[in-house]
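Close look at the chain arrangement
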Amino acid sequence: MWLKPEEILLKNAFKLWVTEKGNDYFVLQRRRGYGEGGGGLTGLLVGTLDTMLDSTSKVAPFRILHQTPDSQVYWSIACGGTKEEISQHWEWLEKNIMRTLSVFDSSDDITSFVQGKIRGLIAEEGKVSCVQEDDPEKFREALLRFEKWFDLPQKEKLVTYYSCSYWRGRVPCQGWLYLSTNFLSFYSYLLGSEVKLVISWNEIWRLEKTSNVILTESIHVLANGEDHFFSMFLHLNETFLIMEQLADYSIKRLFDKETFQEEPSLSDPLQITKRGLETHARNEQFRAFFRLPKEENLLEVYESFLWVPFSHFNTLGKICLSESYLCFASQDGSQCHVIIPMREVIGVEKPDRSSRALIVCVRGKRALRFSEVRDFERLANAIRRRCGMTASPQHSASTEDNPEEVALMVGQKDSSKAVSTEALMTVFHPQDTENLDPKMLKEKMKEQSWNIHFSEYGRGTSMFCTKKTRDLIVRGIPEALRGELWMLFSGAVNDMATNPGYYSELVDQSLGTSTLATDEIERDLHRSLPEHPAFQSDTGISALRRVLTAYAYRNPKIGYCQAMNILTSVLLLYAKEEEAFWLLVAVCERMLPDYFNRRIIGALVDQAVFEELIRMHLTQLTEHMTDLTFFSSVSLSWFLTLFISVLPIESAVNVVDCFFYDGIKAILQLGLAVLDYNMEGLISSHDDAEAVTILNKFFDNVTNKDSPLPQTVQQNSVGNNDKASSISKVDVSDLIKEAYEKYGDMKSEEVESMRKRNKLYVIQTLEDTTKQNVLRVVSQEVKFSASQLDELYVLFKRQHFLSCYWTMNSPVLLHHDPSLAYLEQYQLGFHQFSLLFSLLEPWSLCSGKDTLFLWAFRLLDENQDGLVNFKEFCCALDILYSGTFTNKLTFLFKLHQPPECQKTHCAFCFTPTGRGKVDLQAYLKQWQDEILKKEESIKDLPRINQAQFIQFSKTLYNLFHSDPEEESLYRAVARVTSLLLRMEEVGRRLQEPTSPQNSSDTPSTPITQEAGSIPQEVEWSFAFEQILASLLNEPVLVRFFERPVDIQARLDHAKCAQLKPFKLG
């Protein structure tokens, strides 16, 4: 079988292989211990080792390596179980590859070509092999072992499994790693020693590939404060990808409460498959690289050459086909890439069948020639089919020469008259064409450079993006072209073209609405570039209001977040209003995911990446400042506003230029360059305040000498000019150029990998902070120790997740509101509450559990939303564990009251905040009610009628089940009940003279009469003081309720038994 090329350094390898064939480019080898000769002692040892390993861990006995000419580096490209199989691969290489390699001059080009061919073969084979699942018989055996060894609920879906070693200290344990939807599990049994490990994905803090002296390549998992290392994988990269996907899936589903409605393969946790996860990862990478809408999925991949007219040669790369786009990227991704929307394609031709060529004609009289396409007939048919499906009536012949105009204007069809159709910079600072000052001349020269670029590389959505494109961007985009190119590079042009009229509809629907987001938007409108003339007028303010309000209406999950107003203000300066909206969509939903929400997780993740890069590139700074959290706090605004809040506006827009082309990589590079430029000052600073001052002065003196903006605008953007005049100025173009020269070799793929690696740690750190805040609040209300409260929180949070593990429709998911306070983030529905409460309640109930738990849940759920939070849960347990006799009896008494009485008389419950817009008056009333509740006495409790009293007595009987003093307790309750009934009988008779008309009816009212009639309930009722006084006369009852509870034993029992109810289910 063909293998994904992986580098092998034979110089450091053991003599485990024998070369059988070879040439200048390839080597065929046989593993010692197989075939003729056996290989002596070495071969015997190798054969024994391979025999002991499971079939999935065996090394294939034959392999083919590609040798980079004039190098000791080899690449594994194929393996085989038999000589016949490997010989077929060898013959294919000789017939199809060898004749082509002699054409190349560079050894690196030869290796790149071979790798591309092999990957193409694997992709083609994958189309056939992915139709069928893995060997069903082997998978069934693995599933049986998984169920037997780990005793997890039957609903838990096993995704895949691998043979590997788990390291305990310096001793490896060979066993099996099982990856399921919610758990990472490992099992090993060697020489009587059993090793079993089960870790929830939501408990993992770090997941990364590592290597050290002992472990050449391994996967490191940090969970619950413990490090776990797994190694000796046959396919380590594949294993890590699946683990990474499952951990990310768990984080999004459990912490962010995503439902994956647009991802069918992930929408049901009971149907997750390895293939689905791999497809999801591939689609995400595809969309991120080409900046495509989230609806696009990678459908087909073709290896091909693309004729690059401006360079006059064919470049090797891949054609990636989705529902609405045809994309091409050169092999290294940096030489060139092009995106062709299907709506722009007007024809497909097949000029030369011998070279398997394909010509794609696009609007604007342009054509792209692909050659050596493996299945060019299929590709041509696929493009024709999709062009027919996506043809749009708004494209007319009159606009063929200007495809970018089509893409930019189609979204404004039927737009509202209120929507601004001009960029604010055009309105407030129109360019003076007759002005020939040096800055305007430079601006014209920039425009001319871009026009030349357009003539060579194309203009609009099908423009080639190359290294020359980046060079022009580093110099700064001309003011007149900025909006157009921002739309193009961000992918927003495609969003707008495929959603005509969408923005206008949003504006009409959102204006006039009143929410928490709209209130915050109104508050921040006049804080957005307040000194710029555009936002001193109603024109700019109204446009900003419409864009922000429309986006909050479109995406209520984000709504509005501070810093969005600053970013949107700059977008409105250079783009039309509707374009600014789609640019904001691109930034918030694609380019800076999870930045603009309550927890700004995305920004914190990128700050963690920034810290990692500082350690890698600025070692002198890290030696002086071991604690890099200072840079995290000071750089937060850099990431949230793309340096707009710290740089003068005319300089900041150059940074935004680079961001829209290179993404977050551009911001990280610039951040490193800023710290590097100020290295001496930062090292010599004595405290954080001095370091902040150094950076602020630096930013104030970053200028843009080529900016054609009026001096008034530039002056208003720069602060403290008088004080900073003695400090040397830094041109923003020079700063950006230096950032690209020093740190530009950083690849976007590496940044994404670092993001994923740090995301788990950032989220778990936030979760830990949330836990500490919750525990601090709750600890003031209960008597649990700090460690006990911590364990209770872990149990409660896990029970919350258990309700989400195997379904997307649990109450906690359906009612989740991320805007709620941290105390409300984790809540339990009745079913989950009853399961956990049954594990922790201190009594052994023999019957009526469900009814009693329902009453307890109803008592705690004051706002009647069907959910109970951690504080409410702990307060109830605290009464049962540590409350006095009176407290416990009060709790039981309230359980038997009707719901309307419970809502009024629940002294220890917390009222959760409401949904939607915050009502300050409601908060004040709630706070006042809480104060008044603390003054409640037992006299305020309502009376219970006869039916409720009988049920109360039954509950007491149930509490005594299996108690050593069970018999005495039963008698004591009987005596109390009898006494209370006699007291009530006497009281009723004493009232008879005052009610002679009812004297004849009174004796005919037995105790067993139905308690449904209102007169009977009023007459036959008991006050809490009566019940309390009677029970206090029975010492055995007092001892039972005041007996101390072994809290730790209950917690340990709950930890062990928490999953058992789900196993039965």
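Residues numbered from 1 in each chain as written. Predicted model: local features only at pLDDT ≥ 70, side-chain atom pairs only at ≥ 80, totals over all residues. Heavy atoms only, no water.

Next up on the list: the overall build of the protein chain. In terms of regular secondary structure, the protein chain is built from 45 helices and 26 strands. Split into buried and exposed, the 1065 residues of the protein chain put 53% on the buried side. For the protein chain, the exposed area adds up to about 48,500 Å²; of that, 53% sits on carbon and sulfur atoms. (Helix = DSSP H or I, 4+ residues; strand = E, 2+ residues; numbered from the N terminus. Buried < 20%, exposed > 50% of the residue type's maximum accessible area, 1.4 Å probe, protein only. Areas by Shrake-Rupley, 256 points an atom, 1.4 Å probe, with all protein chains shown as cover.)

The eight strands are arranged E17-E18-E19-E13-E14-E15-E16-E20 in an open sheet whose pairing can be described as antiparallel. A single partner strand is all that each edge strand has here, and the edge strands are strand E17 (345-349) and strand E20 (465-466). Taken together, the two bridges between strand E16 (residues 336-341) and E20 define a ladder with antiparallel strand orientation. Note that in E20 the partner of histidine 337 across the bridge is cysteine 465. Contacts from helix H7 (residues 274-290) reach strand E14 (313-321), strand E15 (325-330) and E16, with the element oriented near 80° to E15. (Pairing = 2+ DSSP bridges. Contact = heavy atoms within 4.5 Å. Axes fitted to C-alpha atoms, helices over the stretch in contact; angles between N-to-C directions.)

In this structure the tally under the stated criterion is 39 salt bridges. Between glutamate 479 and arginine 482 there is a salt bridge, with the nearest N and O atoms lying 2.9 Å from each other. The burial state of glutamate 479 is the same as that of arginine 482; both residues are buried. What emerges from the salt-bridge pattern is a single network uniting Asp248, Lys252, Glu284, Asp594 and Lys759. (Salt bridge = Lys/Arg side-chain N within 4 Å of Asp/Glu carboxyl O.)

Moving on to the confidence of the model for the protein chain. When pLDDT is averaged across the protein chain, the result is 80; 80% of the residues are at 70 or more. Low pLDDT, under 50, characterises residues 389-417; the predicted model gives this stretch 49 contacts beyond four residues in sequence or across chains. (pLDDT = per-residue confidence, 0-100.)

As a further point, take the sheet that holds strand E6 (residues 158-168). Two orientations exist for strands paired in a sheet by backbone hydrogen bonds: parallel and antiparallel. Spatially, E9-E8-E7-E6-E12-E11-E10 is the arrangement adopted by the seven strands of the open sheet, whose pairing is antiparallel. Edge positions in the open sheet fall to strand E9 (193-200) and strand E10 (204-210), since each of these has one partner strand only. Strand-to-strand twist of the sheet, defined as the mean angle between neighbouring strand axes without regard to direction, takes the value 30°.

The next thing to look at is the pairing of strand E7 (residues 171-180). Among the ten residues that make up E7, seven are buried, leaving the element largely enclosed by the rest of the structure. As defined by bridge partners, E6 adjoins E7 across ten bridges and the pair is classed as antiparallel. Directly across from tyrosine 161, in E7, lies its bridge partner tyrosine 178. Hairpin connection of E6 to E7: two residues between the antiparallel strands, including glycine 169 at a positive phi of 70°. Both E7 and strand E8 (residues 183-190) contribute to a ladder of four bridges, which runs antiparallel. Bridge assignment links leucine 177 to a residue of E8, and that residue is phenylalanine 186.

Relative orientation of the contacting elements helix H36 (residues 885-895) and helix H43 (residues 1035-1042) amounts to 90°, with a least axis distance of 9 Å. When the interaxial angle is binned, H36 and H43 end up roughly perpendicular. Contacts from Phe885, Lys888 and Leu892 of H36 reach H43 at Leu1037, Val1038, Phe1041 and Glu1042. The residue makeup of the contact of H36 with H43, split by class, is five nonpolar, no polar and two charged. (Parallel < 35°, antiparallel > 145°, perpendicular 65-115°, else oblique. Nonpolar A, V, L, I, M, F, W, Y, C, P; charged D, E, K, R; others polar.)

Scanning all chains against the criterion turns up 57 aromatic pairs. Geometrically, the ring pair formed by tryptophan 638 and phenylalanine 643 is stacked, given 5.3 Å between the ring centres and 25° between the ring planes. In this pair, the class of tryptophan 638 matches that of phenylalanine 643, namely buried. Ring pairing ties together the aromatic residues Tyr793, Phe796, Phe830, Phe833, Phe837, Phe853, Phe857, Phe870 and Phe873, which thus form one cluster. Across the ring face of tryptophan 17, the terminal group of arginine 63 is positioned such that the distance to the ring centre comes to 4.0 Å. (Phe/Tyr/Trp six-rings, centres within 6.5 Å; stacked < 30°, edge-to-face > 60°. Lys NZ or Arg CZ within 6 Å of the ring centre and 35° of its normal.)

As a packed pair, helix H31 (residues 786-805) and helix H33 (residues 830-840) sit with axes 10 Å apart at the nearest point and diverge in direction by 145°. Regarding H31 and H33, the two cross each other, and that crossing is right-handed. The residues of H33 that touch H31, namely those facing Leu792, Leu795, Phe796, Gln799, Leu802 and Ser803, are Gln832, Leu835, Leu836 and Leu840. Looking at the contact of H31 with H33, its residues break down into seven nonpolar, three polar and no charged. (Left-handed = near helix turned anticlockwise from the far one by under 90°.)

Further remarks concern helix H24 (residues 664-677). The periodicity of an α-helix, 3.6 residues per turn, causes residues three or four places apart in sequence to face the same way. Between its terminal C-alpha atoms H24 stretches 20 Å, which fits the 20 Å expected from 14 residues at 1.5 Å a residue. Counting buried residues along H24, 13 of its 14 residues qualify, which places the element largely inside the surrounding structure. (Expected span 1.5 Å × (residues − 1).)

Mapped onto the elements of the fold, glutamine 607 is located in helix H20 (residues 601-617). Looking at glutamine 607, the relative accessible area reads 4%, which means it is buried. Not counting chain neighbours up to four residues away, the residues in contact with glutamine 607 comprise Phe631, Ser632, Ser633, Ser635, Leu636 and Phe639.

Right, let's talk about the nonpolar core for a bit. Counting residues in each nonpolar core, the largest one holds 147 residues, and the members touching the most others are Ile383, Phe596 and Trp638. Counting residues per element, this core draws most heavily on helix H19 (residues 577-591), which supplies ten residues. If near-sequence neighbours (up to four positions away) are discounted, tryptophan 638 is found in contact with Phe610, Phe643, Val646, Ile667, Gly671, Val674, Leu675, Leu695 and Phe699. Of all hydrophobic cores here, the second largest spans 125 residues; its members include Trp149, Leu158, Phe870 and Val1038. (Core = buried A, V, L, I, M, F, W, Y, C linked by side-chain atoms within 4.5 Å.)

As a further point, take unusual backbone geometry. At arginine 356, a position not held by glycine, the phi torsion is positive, near 50°. Counting through the fold element by element, arginine 356 comes out in the loop between E17 and strand E18 (358-362). Residue arginine 356 is classed as partly exposed on the basis of its relative accessible area of 28%. Phi at alanine 563 takes a positive value of approximately 95°, unusual for a residue other than glycine. Relative to the helices and strands, alanine 563 resides in the loop between helix H17 (538-554) and helix H18 (564-574).

Right, let's talk about the environment of tyrosine 740 for a bit. In this structure, tyrosine 740 sits in helix H29 (residues 732-743). Residues tyrosine 740 and alanine 666, spaced 74 residues apart in sequence, show a C-alpha to C-alpha distance of 8.2 Å. Those residues in contact with tyrosine 740 that lie beyond four places of it in its chain are Arg470, Val474, Cys658, Asp662, Ala666 and Gln669.

For the rest of this paragraph, the subject is helix H13 (residues 482-490). With nine of its nine residues buried, H13 lies for the most part within the structure. Inspection of H13 places Arg482, Gly483, Glu484, Leu485, Trp486, Met487, Leu488, Phe489 and Ser490 among the buried residues, and these make up the whole buried set. Just beyond H13, the residue with positive phi is glycine 491, at close to 85°.

The subject of this paragraph is the state of the cysteines. Scanning the model with the defined rule gives zero disulfides in all. We note that cysteine 327 lacks a disulfide partner, and the nearest cysteine sulfur, in cysteine 320, lies 6.6 Å from it. (Disulfide = S-S within 2.5 Å.)

Inspection of the secondary structure assignment puts leucine 877 in helix H35 (residues 870-882). For leucine 877, a relative accessible area of 0% gives the class buried.

The subject of this paragraph is a negative patch on the surface. Where like charges cluster on the molecular surface, the negative patch consists of Asp627, Asp687, Asp688 and Glu690. Take aspartate 627: it is sitting in the loop between helix H21 (619-624) and helix H22 (629-641). The exposure class assigned to aspartate 627 is partly exposed, which follows from its relative accessible area of 47%. (Patch = residues over 30% accessible without salt bridge, like charges linked within 9 Å, V, L, I, M, F, W, Y side chains within 5 Å. Lys, Arg positive; Asp, Glu negative; His and termini not counted. Charge placed at Lys NZ, Arg CZ, Asp CG, Glu CD.)

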